[in-house]
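# Overview (structure and organization)
One-letter residues, chain by chain:
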Amino acid sequence: MQLVIRRYHPSDKDTVLSLFSAGIKEHIGPCFQKAMTSSFYLTITLSLGLVGYLLGSLLLALLLPAAWVGLIYCCCHELYAGYVAERLRTDMKDIVGNYLSRPDDCFWVAEAEVDGAAQVIGMVAVMSMESGNEKHGEMFRMIISPKSRRMGLGRRLTQTVVDFCKERGFSKVVLETTSTQMAAVALYKKLGFKVVASHREAHSPSWLVLLVQVTILKMEKLL
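We now turn to the structure provided with this report. Quick caveat, the model's predicted, so the values are computed rather than measured.

### Topic: a nonpolar patch on the surface
A cluster of nonpolar side chains, contributed by Leu50, Tyr53 and Leu54, occupies part of the molecular surface with about 380 Å² of accessible area. Structurally, Tyr53 is set in helix α3 (residues 39–54). You can call Tyr53 exposed: its relative accessible area is 61%.

Set out below in C-alpha coordinates:
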(Lines give C-alpha, C1' and ligand atoms only; values in the text may rest on other atoms or scores of the structure.)
Protein backbone atom coordinates (compact mmCIF):
# COMPACT_ATOMS: atom_id res chain seq x y z
CA MET A 1 0.00 0.00 0.00
CA GLN A 2 1.44 3.36 -1.05
CA LEU A 3 1.02 5.73 1.87
CA VAL A 4 1.42 9.50 1.98
CA ILE A 5 1.30 11.63 5.13
CA ARG A 6 0.46 15.21 4.18
CA ARG A 7 -1.02 18.38 5.61
CA TYR A 8 -4.76 18.56 5.94
CA HIS A 9 -6.69 20.22 3.14
CA PRO A 10 -10.24 21.63 3.47
CA SER A 11 -11.44 19.09 0.91
CA ASP A 12 -10.61 16.36 3.47
CA LYS A 13 -13.10 17.70 6.01
CA ASP A 14 -16.04 15.34 5.55
CA THR A 15 -13.84 12.24 5.54
CA VAL A 16 -11.80 13.45 8.51
CA LEU A 17 -14.88 14.26 10.61
CA SER A 18 -16.45 10.91 9.80
CA LEU A 19 -13.23 9.04 10.65
CA PHE A 20 -12.83 11.03 13.86
CA SER A 21 -16.40 10.34 15.02
CA ALA A 22 -16.21 6.62 14.27
CA GLY A 23 -12.73 6.29 15.77
CA ILE A 24 -13.77 7.79 19.11
CA LYS A 25 -17.16 6.07 19.37
CA GLU A 26 -15.62 2.64 18.81
CA HIS A 27 -14.26 2.87 22.37
CA ILE A 28 -17.79 2.70 23.80
CA GLY A 29 -17.93 -1.10 23.56
CA PRO A 30 -14.51 -1.81 25.11
CA CYS A 31 -15.19 0.73 27.85
CA PHE A 32 -18.49 -0.99 28.70
CA GLN A 33 -16.95 -4.46 28.59
CA LYS A 34 -14.04 -3.47 30.81
CA ALA A 35 -16.34 -1.90 33.39
CA MET A 36 -18.87 -4.74 33.49
CA THR A 37 -16.28 -7.51 33.73
CA SER A 38 -14.64 -6.01 36.80
CA SER A 39 -15.20 -8.13 39.90
CA PHE A 40 -16.90 -5.23 41.70
CA TYR A 41 -19.46 -4.62 38.95
CA LEU A 42 -20.11 -8.34 38.49
CA THR A 43 -20.85 -8.52 42.22
CA ILE A 44 -23.28 -5.58 41.95
CA THR A 45 -25.06 -7.18 38.99
CA LEU A 46 -25.47 -10.52 40.74
CA SER A 47 -26.50 -8.86 44.01
CA LEU A 48 -29.27 -6.89 42.29
CA GLY A 49 -30.58 -10.10 40.77
CA LEU A 50 -30.53 -11.73 44.19
CA VAL A 51 -32.38 -8.78 45.76
CA GLY A 52 -35.13 -9.11 43.16
CA TYR A 53 -35.37 -12.85 43.79
CA LEU A 54 -35.54 -12.40 47.59
CA LEU A 55 -38.34 -9.87 47.10
CA GLY A 56 -40.25 -12.71 45.50
CA SER A 57 -40.34 -11.29 42.00
CA LEU A 58 -38.74 -12.99 39.03
CA LEU A 59 -39.40 -9.84 37.03
CA LEU A 60 -37.43 -7.71 39.50
CA ALA A 61 -34.67 -10.32 39.50
CA LEU A 62 -34.31 -9.63 35.79
CA LEU A 63 -35.10 -5.91 35.68
CA LEU A 64 -32.78 -4.71 38.44
CA PRO A 65 -29.57 -6.14 36.90
CA ALA A 66 -30.76 -5.04 33.43
CA ALA A 67 -31.30 -1.48 34.65
CA TRP A 68 -27.81 -1.44 36.20
CA VAL A 69 -26.18 -2.77 33.03
CA GLY A 70 -28.16 -0.28 30.94
CA LEU A 71 -27.02 2.59 33.16
CA ILE A 72 -23.35 1.66 32.73
CA TYR A 73 -23.73 1.37 28.95
CA CYS A 74 -25.47 4.75 28.72
CA CYS A 75 -22.65 6.31 30.75
CA CYS A 76 -19.99 4.77 28.48
CA HIS A 77 -21.90 6.02 25.44
CA GLU A 78 -22.24 9.51 26.87
CA LEU A 79 -18.54 9.70 27.74
CA TYR A 80 -17.36 9.08 24.17
CA ALA A 81 -20.32 10.27 22.08
CA GLY A 82 -20.48 13.43 24.20
CA TYR A 83 -16.78 14.01 23.60
CA VAL A 84 -17.30 13.71 19.85
CA ALA A 85 -20.19 16.16 19.93
CA GLU A 86 -18.14 18.66 21.94
CA ARG A 87 -15.14 18.45 19.61
CA LEU A 88 -17.30 18.81 16.49
CA ARG A 89 -18.69 22.02 17.98
CA THR A 90 -15.24 23.39 18.81
CA ASP A 91 -11.79 22.69 17.32
CA MET A 92 -12.88 20.17 14.66
CA LYS A 93 -15.43 22.64 13.30
CA ASP A 94 -12.61 24.76 11.91
CA ILE A 95 -9.53 22.59 11.46
CA VAL A 96 -7.69 25.13 9.33
CA GLY A 97 -8.28 27.94 11.80
CA ASN A 98 -7.44 25.91 14.87
CA TYR A 99 -4.56 23.74 13.64
CA LEU A 100 -3.04 25.37 10.56
CA SER A 101 -3.12 29.10 11.28
CA ARG A 102 0.15 29.14 13.30
CA PRO A 103 3.54 27.91 12.03
CA ASP A 104 4.15 25.72 15.10
CA ASP A 105 0.83 23.86 14.81
CA CYS A 106 -0.12 21.26 12.23
CA PHE A 107 -2.78 18.73 11.22
CA TRP A 108 -1.81 15.78 9.03
CA VAL A 109 -3.79 13.12 7.23
CA ALA A 110 -2.53 9.73 6.08
CA GLU A 111 -3.71 8.99 2.55
CA ALA A 112 -3.52 5.67 0.74
CA GLU A 113 -4.98 4.11 -2.37
CA VAL A 114 -7.98 1.99 -1.46
CA ASP A 115 -9.89 0.16 -4.21
CA GLY A 116 -8.17 2.30 -6.81
CA ALA A 117 -8.96 5.66 -5.20
CA ALA A 118 -7.04 7.88 -2.76
CA GLN A 119 -8.61 7.75 0.67
CA VAL A 120 -7.83 9.31 4.05
CA ILE A 121 -7.17 6.46 6.49
CA GLY A 122 -5.64 8.28 9.45
CA MET A 123 -4.94 11.63 11.07
CA VAL A 124 -3.00 13.35 13.81
CA ALA A 125 -2.49 16.93 14.98
CA VAL A 126 -0.12 18.92 17.15
CA MET A 127 -0.36 22.32 18.85
CA SER A 128 2.47 24.30 20.37
CA MET A 129 2.16 25.16 24.06
CA GLU A 130 4.28 27.49 26.20
CA SER A 131 5.37 26.81 29.76
CA GLY A 132 7.66 29.52 31.08
CA ASN A 133 10.52 29.91 28.61
CA GLU A 134 9.96 26.49 27.07
CA LYS A 135 7.74 25.33 24.26
CA HIS A 136 6.37 21.86 23.86
CA GLY A 137 4.03 20.14 21.46
CA GLU A 138 0.72 18.58 22.46
CA MET A 139 -0.50 15.78 20.25
CA PHE A 140 -4.19 15.44 19.45
CA ARG A 141 -6.64 13.59 17.19
CA MET A 142 -4.70 10.38 16.58
CA ILE A 143 -7.20 8.28 14.67
CA ILE A 144 -6.58 5.35 12.30
CA SER A 145 -9.16 3.55 10.19
CA PRO A 146 -9.82 0.03 11.58
CA LYS A 147 -8.92 -1.54 8.22
CA SER A 148 -5.51 0.16 8.26
CA ARG A 149 -4.29 -0.85 11.71
CA ARG A 150 -1.40 -3.17 12.56
CA MET A 151 0.52 -1.78 9.57
CA GLY A 152 2.78 0.66 11.41
CA LEU A 153 0.66 3.71 10.60
CA GLY A 154 0.28 4.74 14.25
CA ARG A 155 4.05 4.66 14.63
CA ARG A 156 4.55 6.77 11.48
CA LEU A 157 1.98 9.37 12.48
CA THR A 158 3.41 9.67 15.98
CA GLN A 159 6.93 9.97 14.59
CA THR A 160 5.73 12.70 12.23
CA VAL A 161 4.65 14.71 15.27
CA VAL A 162 7.90 14.00 17.15
CA ASP A 163 10.04 15.07 14.16
CA PHE A 164 7.96 18.23 13.68
CA CYS A 165 8.49 19.18 17.34
CA LYS A 166 12.22 18.41 17.21
CA GLU A 167 12.66 20.68 14.18
CA ARG A 168 11.15 23.54 16.17
CA GLY A 169 13.28 22.97 19.24
CA PHE A 170 10.43 21.92 21.49
CA SER A 171 11.38 20.41 24.84
CA LYS A 172 8.92 17.52 24.70
CA VAL A 173 5.77 16.05 23.19
CA VAL A 174 2.79 15.41 25.46
CA LEU A 175 -0.51 13.65 24.87
CA GLU A 176 -3.50 12.29 26.71
CA THR A 177 -5.23 8.97 26.17
CA THR A 178 -7.53 6.77 28.25
CA SER A 179 -7.01 3.56 30.19
CA THR A 180 -9.41 1.86 27.75
CA GLN A 181 -7.02 2.41 24.83
CA MET A 182 -4.32 -0.03 25.89
CA ALA A 183 -3.04 -0.67 22.36
CA ALA A 184 -2.35 3.05 21.97
CA VAL A 185 -0.66 3.21 25.37
CA ALA A 186 1.59 0.27 24.42
CA LEU A 187 2.53 1.96 21.12
CA TYR A 188 3.42 5.25 22.80
CA LYS A 189 5.56 3.46 25.38
CA LYS A 190 7.47 1.71 22.58
CA LEU A 191 8.16 5.12 21.05
CA GLY A 192 9.61 6.48 24.28
CA PHE A 193 6.59 8.08 25.94
CA LYS A 194 6.08 7.66 29.66
CA VAL A 195 2.98 8.02 31.82
CA VAL A 196 3.60 11.07 34.00
CA ALA A 197 0.15 11.66 35.50
CA SER A 198 -3.41 10.37 35.55
CA HIS A 199 -6.73 12.03 36.30
CA ARG A 200 -10.48 11.78 35.74
CA GLU A 201 -11.20 15.33 34.63
CA ALA A 202 -13.16 15.30 31.37
CA HIS A 203 -15.96 17.09 29.55
CA SER A 204 -18.41 14.74 31.31
CA PRO A 205 -19.36 15.02 35.00
CA SER A 206 -16.79 13.49 37.34
CA TRP A 207 -19.33 10.98 38.72
CA LEU A 208 -19.91 9.62 35.21
CA VAL A 209 -16.19 9.18 34.54
CA LEU A 210 -15.83 7.46 37.91
CA LEU A 211 -18.80 5.19 37.22
CA VAL A 212 -17.39 3.91 33.91
CA GLN A 213 -14.00 3.39 35.57
CA VAL A 214 -12.01 5.29 32.94
CA THR A 215 -8.75 7.01 33.81
CA ILE A 216 -7.17 9.64 31.58
CA LEU A 217 -3.44 9.11 31.21
CA LYS A 218 -1.03 11.95 30.50
CA MET A 219 2.09 10.80 28.65
CA GLU A 220 5.18 12.65 27.49
CA LYS A 221 8.38 12.13 25.54
CA LEU A 222 11.38 14.35 26.19
CA LEU A 223 13.16 15.58 23.06
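### Points about the nonpolar core
Membership of the largest hydrophobic core comes to 61 residues, with the highest contact counts inside it found for Val16, Ile72, Phe107, Val161 and Phe193. The residues contacting Val16, other than those within four sequence positions of it, are Tyr8, Met92, Ile95, Phe107, Val109, Val120 and Met123.

### Quick notes on the layout of surface pockets
Size it by volume and the largest pocket reaches roughly 1400 Å³. Around the largest pocket sit 45 residues that line it, and His27, Met142, Thr177, Gln181 and Ala184 are the ones nearest its centre. At the level of elements, α1 (13–25), α4 (58–89), β4 (134–144), α6 (153–167), β5 (172–178) and α7 (182–190) are the ones that each hand at least two residues to the lining of the largest pocket. If one sorts the elements of the lining of the largest pocket by residue count, β4 sits on top with 7 residues. Across the lining of the largest pocket, the residue classes tally to 25 nonpolar, 11 polar and 9 charged.

### Let's talk about α6
Across its 15 residues, α6 extends 21 Å between first and last C-alpha, which sits within 8% of the 21 Å expected from 1.5 Å per residue. Looking at the residues trailing α6, positive phi occurs at Gly169, about 75°.

### A word on the packing of aromatic side chains
In total, this model carries 8 aromatic pairs according to the counting rule given. Ring plane angle 65° and centroid distance 5.4 Å describe the contact between Tyr99 and Phe107, whose orientation is recorded as edge-to-face. Residue Tyr99 is classed as buried on the basis of its relative accessible area, which comes to 1%. One aromatic cluster is present, built from ring pairs that chain together Tyr8, Tyr99 and Phe107. Taking the ring centre of Phe164 as reference, the NZ or CZ of Arg168 above it sits at 3.6 Å.

### Here we look at the pattern of salt bridges
According to the stated counting rule, one finds 11 salt bridges in the structure shown. For Arg6, the salt bridge identified is with Glu111, shortest N-O distance 3.0 Å. Residue Arg6 is located in strand β1 (residues 3–7), and its partner Glu111 is located in strand β2 (residues 106–114); the two are separated by 105 residues in the primary sequence. Classification of Arg6 as partly exposed rests on a relative accessible area of 22%. Linking Arg141 and Asp91 is a salt bridge whose minimum nitrogen-to-oxygen distance equals 3.1 Å. Placement of Arg141 in strand β4 and of Asp91 in the loop between α4 and α5 (95–99) is noted, with a sequence separation of 50 residues between them. Just as Arg141 is buried, Asp91 falls in that class too. Through salt bridges that share partners, Asp104, Lys135, Glu167 and Arg168 make up one connected network.

### With respect to the sheet that holds β5
If you walk across this open sheet you meet the 7 strands as β1-β2-β3-β4-β5-β7-β6, and the pairing is mixed. Two strands close off the open sheet at either side, each with one partner strand: β1 and β6 (194–199). Across this sheet, the average inter-strand angle for adjacent strands is 25°, counted without regard to direction. Two elements, β4 and β5, share 3 bridges in a ladder whose sense is parallel. Each bridged residue has a counterpart across the sheet, and for Met139 the counterpart in β5 is Leu175.

Definitions and limits used
Residues numbered from 1 in each chain as written. Predicted model: local features only at pLDDT ≥ 70, side-chain atom pairs only at ≥ 80, totals over all residues. Heavy atoms only, no water. Patch = residues over 30% accessible without salt bridge, like charges linked within 9 Å, V, L, I, M, F, W, Y side chains within 5 Å. Areas by Shrake-Rupley, 256 points an atom, 1.4 Å probe, with all protein chains shown as cover. Salt bridge = Lys/Arg side-chain N within 4 Å of Asp/Glu carboxyl O. Helix = DSSP H or I, 4+ residues; strand = E, 2+ residues; numbered from the N terminus. Buried < 20%, exposed > 50% of the residue type's maximum accessible area, 1.4 Å probe, protein only. Core = buried A, V, L, I, M, F, W, Y, C linked by side-chain atoms within 4.5 Å. Contact = heavy atoms within 4.5 Å. 1 Å grid on protein atoms, 1.4 Å probe; cavity = no way out; pocket = protein on both sides within 12 Å on 5 of 7 lines; lining within 4 Å. Points joined across faces, edges and corners; volume = space filled by probe spheres on them. Nonpolar A, V, L, I, M, F, W, Y, C, P; charged D, E, K, R; others polar. Expected span 1.5 Å × (residues − 1). Phe/Tyr/Trp six-rings, centres within 6.5 Å; stacked < 30°, edge-to-face > 60°. Lys NZ or Arg CZ within 6 Å of the ring centre and 35° of its normal. Pairing = 2+ DSSP bridges. Axes fitted to C-alpha atoms, helices over the stretch in contact; angles between N-to-C directions.

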